[in-house]
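The residues making up each chain are set out below.
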Amino acid sequence: MVIGRNLIVPLTFSVLKKESTYIVKKGVFRSRELLEEVALWQVLGFLWKGGIPILEAMDVVKNAWPRFSKALGKIVSAIREGRNTKEGFVGYEHFFQKFVPGMITLGEIIGKVQEVCLLMSNLILEMAKAGNNLNAEQFTIALDFDILAMMIEAGVEQQPAIGILHQQTTSQYRKAWGKVAELMRDEGKNFPDSVRDSGCFPDIVVADLHGATIMSTNWIACRLRVISERFKKYEV
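First, a word on what this report is: a plain description of the structure on this page. (Residues numbered from 1 in each chain as written. Predicted model: local features only at pLDDT ≥ 70, side-chain atom pairs only at ≥ 80, totals over all residues. Heavy atoms only, no water.)

1. Some points on the packing of aromatic side chains
Thought 1: Inspection of every chain in the model, using the stated rule, returns 10 aromatic pairs.
Thought 2: A centroid spacing of 6.3 Å and a plane angle of 80° characterise the contact between phenylalanine 139 and tyrosine 234, whose relative ring orientation is edge-to-face. Highlighted residues: phenylalanine 139 in helix α8 (residues 136-153) and tyrosine 234 in the segment after α13 (217-232), separated in sequence by 95 residues.
Thought 3: For phenylalanine 139, a relative accessible area of 2% gives the class buried.
Thought 4: Residue classification places tyrosine 234 among the partly exposed positions, given a relative accessible area of 34%.
Thought 5: Considering the side-chain rings of tyrosine 173 and phenylalanine 231, the 6.2 Å spacing of their centres and the 80° angle between planes classify their relative orientation as edge-to-face. Pair noted here: tyrosine 173 is in the loop between α9 (158-168) and α10 (174-187) and phenylalanine 231 is in helix α13, with a separation of 58 residues, a long-range link.
Thought 6: Look at phenylalanine 231 and you get buried, because its relative accessible area is 1%.
Thought 7: Through pairs of rings, three or more aromatic residues link up here, namely Phe145, Tyr173, Trp177, Phe201 and Phe231. (Phe/Tyr/Trp six-rings, centres within 6.5 Å; stacked < 30°, edge-to-face > 60°. Helix = DSSP H or I, 4+ residues; strand = E, 2+ residues; numbered from the N terminus. Buried < 20%, exposed > 50% of the residue type's maximum accessible area, 1.4 Å probe, protein only.)

2. Side note on the side chain of glutamine 97
Thought 1: Looking at where glutamine 97 falls in the secondary structure, it is placed in the loop between α5 (85-88) and α6 (100-110).
Thought 2: Not counting residues up to four positions away in its chain, the partners in contact with glutamine 97 are Leu34, Glu37, Ile124 and Met127. (Contact = heavy atoms within 4.5 Å.)

3. Regarding the environment of phenylalanine 139
Thought 1: For phenylalanine 139 and glutamate 126, which are 13 residues apart along the polypeptide, the C-alpha to C-alpha distance reads 8.5 Å.
Thought 2: With sequence-adjacent residues up to four places away left out, phenylalanine 139 is seen in contact with Leu123, Glu126, Met127, Ala130, Leu134, Lys232 and Tyr234.

What follows is the structure in structure tokens.
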């Protein structure tokens, strides 16, 4: 069922208004920019998930937020010309978090753009709540683990999933993911062993992935989300 714009957009703004009030009361966030980006990706994610075509959804959002209108207009033009969304961000990257173009492209590759948008929206909201204590790189790394969990749950094999993440992430672990993919491909090692033997990850990450002998898809995805939460809480 297609969910109408007149229902989704007010609903999203209602949620964001509540979050914004919480953030301001706590005194940890005074700028509107992150919250505007939270709203942008949340609205787009809901519109796409509700069945509204991508170009129409972007037109809705473009009219709602003038700050993003030129960037979204270029992205729409890129799509209409048969190019990928990431190419549309060229020249407008500074309007968004640095991880956005790569993550959108990753969502296109695995057919989960709407889920990626909602995941980014939630992450940016957590960044806003971090306020003056924000370390953006920690959240970028956390997104790596969340996205990897999403891909694995979607049925993408672990080695290709890590290869895709290596190509699209902007986190400091980009080279590390490449090393993990190489160990899995060339030496036939499983994912947790490759993380350990890469020598690129903190001991707590290695321990979380080796916390049990079960190597099922669901278990790996669960451990990846545990690690993501550690980075968001600055436990790594």
